Amino acid sequence: MAHEWLDDACFYEIYPQSFCDSNSDGIGDLRGIIRKLDYILDVGCNAIWLNPVFDSPFVDAGYDVRDYYRIAPRYGTNEDMKRLFREAHRRDMHVLLDLVPGHTSADCKWFKESSKAEKNEYTDRYIWTDNIWSEPANKVKNITGYVRGGTERNGAAAVNFFSAQPALNYGFARTDEPWQQSVDDKGPRATREALKDIMRFWLDMGCDGFRVDMAMSLVKNDDDQSATIKLWQDFRDFLDREYPEAVMVSEWGEPDKSLAGGFHMDFLLHFGPSNYLDLFRVDNPYFSRDGKGDAAVFFEKYMRNKHLADKGDGLICIPSGNHDMVRLAHKLDMEEMKIVFAFLLSMPGVPFIYYGDEIGMNYLEGIKSVEGGYERTGSRSPMQWNHSTNAGFSTAPPEELYIMLDPSENRPNVEDELKEEDSLLSTVMELTRIRAEHPSLHNRSNFRLLHCEKNSYPLVYERSCDKEGSIVVVLNPSDKTVEMDFSLPENCKTIYTHGGSLKRGNGIIEVPGASANFILI
Ligand code: GLC
Ligand code: CA
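Residues numbered from 1 in each chain as written. Chains lettered and ligands numbered in written order. Predicted model: local features only at pLDDT ≥ 70, side-chain atom pairs only at ≥ 80, totals over all residues. Heavy atoms only, no water.

Student: Just give me the short version of the coordination of the calcium ion (ligand 2), but keep the residues and values in it.
Tutor: The coordination sphere of the calcium ion (ligand 2) contains the protein donors D21 (OD), N23 (OD1), D25 (OD), I27 (O) and D29 (OD), at a distance range of 2.2 to 2.4 Å. Sequence spacing among the residues donating to the calcium ion (ligand 2) works out to D-x1-N-x1-D-x1-I-x1-D. Per residue, the accessibility class of D21 equals that of D29, and both read buried. (Donors = N, O, S within 2.8 Å, 3.2 Å for Na, K, Ca; no water. Buried < 20%, exposed > 50% of the residue type's maximum accessible area, 1.4 Å probe, protein only.)

Shown next as structure tokens:
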């Protein structure tokens, strides 16, 4: 199989503008990332998802692409990107770029051409109504608004997200208006081919695949999303033919659909029906010492999707966070996050660690919006490396940082946590090492839920594979000691323990509060 590296891949998501600034202009860049590749490896991650790095006016942090073929000058050059791929591959690491297929910046040449009154190659690249005064009578699924006025062309252009992000035209599953084209019309077909060309360009340069932005949004009026799924199957066929090694992960949040569309993996997200938020981000999250949370609904849905995913060899990824949601530290403290990582790094699927979560970076509530972040800005602050200027992120004068640093005095940093045996970072490093060493914990090894009752602790599951046998994972995020009916064989071995080990009695185990134990049977 071409994607064997996914079996033990562990991803690190880098928000490029906030990771490491190599030339003191106050903004992170590709050379900065290259400098930190060894750190990422030390954390235990062997793959990277890089948020958009393409030329952009940055109205939405680069999710508004102006030129798909050019690295944004503030991050470096295409040559730097090539070097990043090379340096990563030299270390046996893989790099996924962020592909934004649903929309471009309004500043993109395609959109400027498409806005002209005369017909040209780009006329049907976007979705235009046939009259500036008309908008469809009913709301169209996956169209968030219209750009109206300011164009020669007499029509309104559909928008995919913010108003500066006109929607690319992949057609409509159901056409209700004369200006709505169907998926197989010439315009939508040309958009599809344009996207394939973009993929070819970066894959030829050394990129290993893509995280696909808003993958569920492409075909409009597609109520059950079957046309969007079909569209992605076409992209999958193209990749299988020309780039069988390329790996695709979707921002979709519904693995039953995305994996059917041919994605290798999908994320559980802060939106969508997965109940992912129940774990770490609701008012009483399951992974809090308060012990008032519930993970049962989450697991009910997870098991259903897992069953479907397994049939197609797909992977469900449970990320620590991402650039769109509040950080783990918003609701949880360092101790609680250690149990979170014991969970994230013992579940099947490919783990994704959002930069800074491994040191427990704070969510900066209420800070001023930067580059269309709004409340997301608080999860996008500069990485904290050490105690030097700007926490080691940049040597620019502090007032020149493009986004503010966590101002708290005791903000965590990499240097301190590396020295401390019991820090969150050291815990994450130990957990990634244990995951790598034990085939039963690898991404595709078996998973069996053993105990997850409504509003109750502990959470117990088994990971196994033929090579190694099974590992029972017992997690008790609550601060109370709990008991459960469970027999562990005499000759089992604890391979990870945090917060106290299990006590065994007659067919019962006693699980200390705030503890995580992995038992090899
Ligand atoms: C995705 C991205 C988000 C962006 C949006 C529009 O949800 O993760 O950051 O703003 O799409 O592209
Ligand atoms: Ca820089």
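From this point, things continue past the structure.
Student: Outline the pattern of salt bridges, supporting the account with residue identities and numerical values.
Tutor: Under the definition given, this model contains 38 salt bridges. Between R211 and E251 there is a salt bridge, with the nearest N and O atoms lying 3.4 Å from each other. Here R211 is found in strand β8 (residues 209–212), whereas its partner E251 is found in the loop between β9 (247–250) and α7 (255–258), with 40 residues between them in sequence. R211 gets classed as buried once you look at its relative accessible area, which sits at 1%. Through salt bridges with shared partners, a single network forms among D184, R192, E193, K196 and D234. (Salt bridge = Lys/Arg side-chain N within 4 Å of Asp/Glu carboxyl O. Helix = DSSP H or I, 4+ residues; strand = E, 2+ residues; numbered from the N terminus.)

Student: Any details on the site of ligand 1? Residues and values, ideally.
Tutor: Inspection of the region around ligand 1 gives D60, Y63, H103, F161, R211, D213, M214, E251, H323, D324, R376 and R380 as its neighbouring residues. One of the side-chain N or O atoms of E251 is found 2.7 Å from an oxygen atom in ligand 1. Within the contact set of ligand 1, an oxygen atom lies 2.5 Å away from a side-chain nitrogen or oxygen of D324. Using a 2 Å cut-off from the grid points, one finds that ligand 1 occupies the largest pocket. Residue composition of the shell around ligand 1, by class: three nonpolar, two polar and seven charged. (Near = heavy atom within 4 Å. Polar contact = N/O pair within 3.5 Å; in protein donor to acceptor, adjacent residues only side chain to side chain. 1 Å grid on protein atoms, 1.4 Å probe; cavity = no way out; pocket = protein on both sides within 12 Å on 5 of 7 lines; lining within 4 Å. Sits in = over half its atoms within 2 Å of the grid points. Nonpolar A, V, L, I, M, F, W, Y, C, P; charged D, E, K, R; others polar.)

Student: Before we move on, could you go through the sheet that holds strand β10 (residues 265–267) and cite the residues and values that matter?
Tutor: What the eight strands build is an open sheet, ordered β11-β10-β9-β8-β5-β2-β1-β12; its pairing is parallel. The outermost strands of the open sheet, each flanked by one partner alone, are β11 (315–317) and β12 (352–354). Strand-to-strand twist of the sheet, defined as the mean angle between neighbouring strand axes without regard to direction, takes the value 25 degrees. Relative to strand β2 (residues 47–50), strand β1 (residues 11–14) runs parallel, the two being bridged by four bridges. Pairing of Y12 across the sheet is with I48, part of β2. (Pairing = 2+ DSSP bridges. Axes fitted to C-alpha atoms, helices over the stretch in contact; angles between N-to-C directions.)

Student: Residue-level account of the sheet that holds strand β13 (residues 446–451), with values.
Tutor: Read from one edge of the open sheet, five strands run β13-β14-β15-β20-β17, paired in antiparallel fashion. Only two strands of the sheet have a single neighbouring strand rather than two, namely β13 and β17 (493–498). Strand after strand, the sheet turns through a mean of 15 degrees between neighbouring axes, direction not considered. Pairing geometry for β13 and strand β14 (residues 459–465), over five bridges, is antiparallel. Bridged to R448 within β14 is E462. The sheet contacts of helix α9 (residues 296–311) involve β13 and β14, and relative to β13 the element is tilted by about 155 degrees. Seen against the sheet, helix α12 (residues 424–437) touches β14, β17 and β20 (515–520) and runs at an angle of roughly 160 degrees to β17. (Contact = heavy atoms within 4.5 Å.)

Student: Explain the nonpolar core to me, and be specific about the residues and the numbers.
Tutor: Among the nonpolar cores identified, the biggest contains 147 residues, and F11, M81, M265, F287, F343 and F518 are the most heavily contacted of them. Setting aside residues up to four positions removed in sequence, F287 forms contacts with L279, F280, L332, E336, I339, V340, F343, L459, L475 and P477. Residues V482, L488, V511 and I519 belong to the second largest nonpolar core, which totals twelve residues. (Core = buried A, V, L, I, M, F, W, Y, C linked by side-chain atoms within 4.5 Å.)

Student: I'd like a rundown of the pairing of β8, residues and numbers included.
Tutor: Because side chains alternate across β8, one face comprises the buried residues G209 and R211, and the other comprises F210 and V212, equally buried. Pairing geometry for strand β5 (residues 94–99) and β8, over three bridges, is parallel. Bridge pairing links L97 to F210 in β8. With four bridges connecting them, β8 and β9 associate as parallel partners. The residue of β9 that forms the bridge with R211 is V249. Between β8 and its parallel partner β9, the chain crosses via helix α6 (residues 226–242), and the hand of that crossover is right-handed. (Right-handed = clockwise from strand over helix to strand, strands pointing away.)

Student: Which residues make up α6, and what values go with them?
Tutor: The terminal C-alpha atoms of α6 lie 24 Å apart, and with 17 residues this matches the ideal 24 Å at 1.5 Å per residue to within 8%. Restricting attention to buried positions, one finds in α6 the residues A227, T228, I229, L231, W232, F235, R236, F238 and L239. Buried-residue contacts for α6 involve α5 (186–205), β8, β9 and α7. (Expected span 1.5 Å × (residues − 1).)

Student: Give me the lowdown on the state of the cysteines, citing residues and values where you can.
Tutor: Throughout the structure, instances matching the rule amount to zero disulfides. C45 supplies the cysteine sulfur nearest to C10, a cysteine that is in no disulfide, at a spacing of 3.9 Å. (Disulfide = S-S within 2.5 Å.)

Student: Tell me about the packing of aromatic side chains, and name the residues and values.
Tutor: Any two aromatic rings considered together are summarised by their centre-to-centre distance and by the angle between their planes. A complete count under the given rule lists 39 aromatic pairs for this structure. With a centroid separation of 4.8 Å and 50 degrees between ring planes, the pair formed by W232 and F235 is classed as tilted. Here W232 pairs with F235, and both are found in helix α6, just three residues apart, close to one helical turn. The residues W232 and F235 share a single accessibility class, namely buried. Here the aromatic rings of Y276 and F280 are separated by 5.9 Å at their centres, their planes lie at 90 degrees, and the arrangement is edge-to-face. This pair shows no difference in class: Y276 is buried, exactly as F280 is. (Phe/Tyr/Trp six-rings, centres within 6.5 Å; stacked < 30°, edge-to-face > 60°.)

Student: Report on the packing of α5 against α6, specifying residues and quantitative values.
Tutor: Interaxial distance between α5 and α6 falls to 11 Å at its minimum, and their mutual angle equals 40 degrees. The way α5 lies across α6 gives a crossing that is right-handed. Mapping the contact onto sequence places R192, L195, K196, M199, R200 and L203 in α5 and L231, D234, F235, F238, L239 and E242 in α6. Within the contact of α5 with α6, the residues separate by chemical class into seven nonpolar, no polar and five charged. (Left-handed = near helix turned anticlockwise from the far one by under 90°.)

Student: Can you lay out empty space enclosed by the protein for me, pointing to particular residues and giving the numbers?
Tutor: Here the structure, examined in full by the defined rule, presents two cavities of 30 Å³ or more. If you go around the largest cavity, the residues you meet are W232, F235, R236, L239, M248, G261, G262 and F263. If you tally residues by element for the lining of the largest cavity, the top one is α6, at four residues. Counted by class, the lining of the largest cavity contains five nonpolar, two polar and one charged residues. If you trace the second largest cavity, you find it lined by I316, I318, L344, M347, P348, G349, V350 and P351. Taken together, the residues of the lining of the second largest cavity break down into seven nonpolar, one polar and no charged. (Points joined across faces, edges and corners; volume = space filled by probe spheres on them.)

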